[in-house]
Amino acid sequence: MTVTNVSPANAPSPGAGVLAPTVPTEISDPVNARILAVSEDRIAGFVNEPFAEIAFAADLPEAVVITRLRAMLECGVIRRIRQTLMATNLAPGALVAWRVAPENLDSAFDYMVKEDPFSGHVVIRSTDVETQGSVYRLWTTLKVPQGFSMTRHCDFLATRVGAKAYRVMPAKRLFALGVGHVRRRGMEPGARSDESGRVLDTNIVELSPLEWRVLAALKREFTIDEIASNPWSPRAVEAGVSLDEFIHVARTLSSRQVIGRFSTFLEHVKPSAAGERVTRYNALFHWRVPAGREIEAGREVGRHHILTHAYWREGGPEFANVNIMAVAHGTDKQFVLDHKTAIDRHLEAAGIPVLYTNVFWGGRSEIKPSEISPAEYEAWADRVGLSREASAG
């Protein structure tokens, strides 16, 4: 697919310029692929000029990068462009598995997507082989801002969606975090770094009112017109501070590991207008390793390049007491399973026993950023009738 896009040249303001020639928007286009290989997850932390950084890393003019990103966002190939946060350090979070009756599954999915701004990834999952945990079909990520109770939030959601049970699985450690669907295409099973994966803590960081104000402006999704050079100047105005102060606060937050990456998020579930898919299969891998070896195992799992996420979470008896989980995507199911087999073999070679393993496949899904602002939580609780006493931690 191609779109006719407004030129990002310096002279015309967005929406008021001269129409440029049609712009390719498919991810298979060589220029777009070069841009996306960088823009999905290679711009770490906070940078003053993110689009210029993408252009430099992709070896393309910034004007080309801006034009292509605008076009891909406009036609839906890119779902959103935003500065991500290390939300695990800003609000208590967890992966939550919900046991919902089959006839209520779709309505529960819709409620989590449309009515709960604190639920992020919402996925209906299934397994190839029935296990005790197979009855937990609805999976969500959840962030509950500081000062509020995750248990009470989950109890409220369970009542609203008719969940019979739920399992909350906070991340104890992270070992891999980064999307990068385009650069992972065609990756050989077993491809991994030479060194063990890093270990990221999930300690909560407290922010000042000024830092929350800057963060709120920083994390907002970019509109098409905002994809331009010097993108933070309008955000500084939005936060009520000078550009210099905005940048200073953002850099400080980045140094405190509160800032994630500047990222483009592809529509990786639905096909594009031309029928092209970024990915088709979304797999949540489960492993149980001996207690006390979770970090060692997580680092060995996390070094595999195919994984977008890897973490230590306790699955409990509902999920055979697994403790290492990871996520991989691919356009071919066997290809994804081949990667899983390669990781299994690597754990065996590293002398780490796998006591149990399973795969939960993603079906219907929706991905949105989880809200983390305490002020937004208070406003939401008032709207839905959740009293301060019931929601407070």
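Note: the structure precedes this text.
Owing to the predicted nature of the structure, the values given are computational and were not obtained by experimental measurement.

Peer 1: Can you break down the sheet that holds strand β4 (residues 78-85) residue by residue, with the values?
Peer 2: Strand-to-strand pairing in sheets goes through backbone hydrogen bonds, with the strands running parallel or antiparallel. The strand order β3-β10-β4 describes an open sheet built from three strands, whose pairing is antiparallel. In this open sheet, the two edge strands, each paired with only one partner strand, are β3 (43-44) and β4. By the bridge criterion, two bridges tie β3 to strand β10 (residues 259-266) in an arrangement that is antiparallel. Paired with Ile43 across the strands is Phe262, a residue of β10. Contacting β4 and β10, helix α3 (residues 62-75) crosses the sheet at an angle of about 115 degrees to β4.

Peer 1: Kindly report on the pattern of salt bridges, identifying the contributing residues and their values.
Peer 2: Taken as a whole and assessed by the stated rule, the structure comprises 15 salt bridges. Residue Glu318 pairs with Arg167 through a salt bridge whose shortest N-O separation is 3.5 Å. With Glu318 in the loop between β12 (307-313) and β13 (324-330) and Arg167 in strand β8 (residues 165-169), this pair connects stretches of sequence that are 151 residues apart. A relative accessible area of 19% places Glu318 in the buried class. With its nearest N and O atoms 2.9 Å apart, the salt bridge here joins Lys340 to Asp344. One end of the pair, Lys340, and the other, Asp344, are both in helix α11 (residues 333-349), four residues apart, so they sit about a helical turn from each other. Under the relative-accessibility criterion, Asp344 is labelled partly exposed at 22%.

Peer 1: Before we move on, could you go through the pairing of strand β7 (residues 138-143) and cite the residues and values that matter?
Peer 2: Buried residues dominate β7, accounting for six of its six residues. As paired elements, strand β5 (residues 93-99) and β7 share six bridges and run antiparallel to each other. Following the sheet pairing, Trp98 is matched in β7 by Leu138. Here strand β6 (residues 119-126) runs beside β7; their pairing, made up of four bridges, is antiparallel. Note that in β7 the partner of Ser119 across the bridge is Leu142.

Conventions used here
- Residues numbered from 1 in each chain as written.
- Predicted model: local features only at pLDDT ≥ 70, side-chain atom pairs only at ≥ 80, totals over all residues.
- Heavy atoms only, no water.
- Pairing = 2+ DSSP bridges.
- Helix = DSSP H or I, 4+ residues; strand = E, 2+ residues; numbered from the N terminus.
- Contact = heavy atoms within 4.5 Å.
- Axes fitted to C-alpha atoms, helices over the stretch in contact; angles between N-to-C directions.
- Salt bridge = Lys/Arg side-chain N within 4 Å of Asp/Glu carboxyl O.
- Buried < 20%, exposed > 50% of the residue type's maximum accessible area, 1.4 Å probe, protein only.

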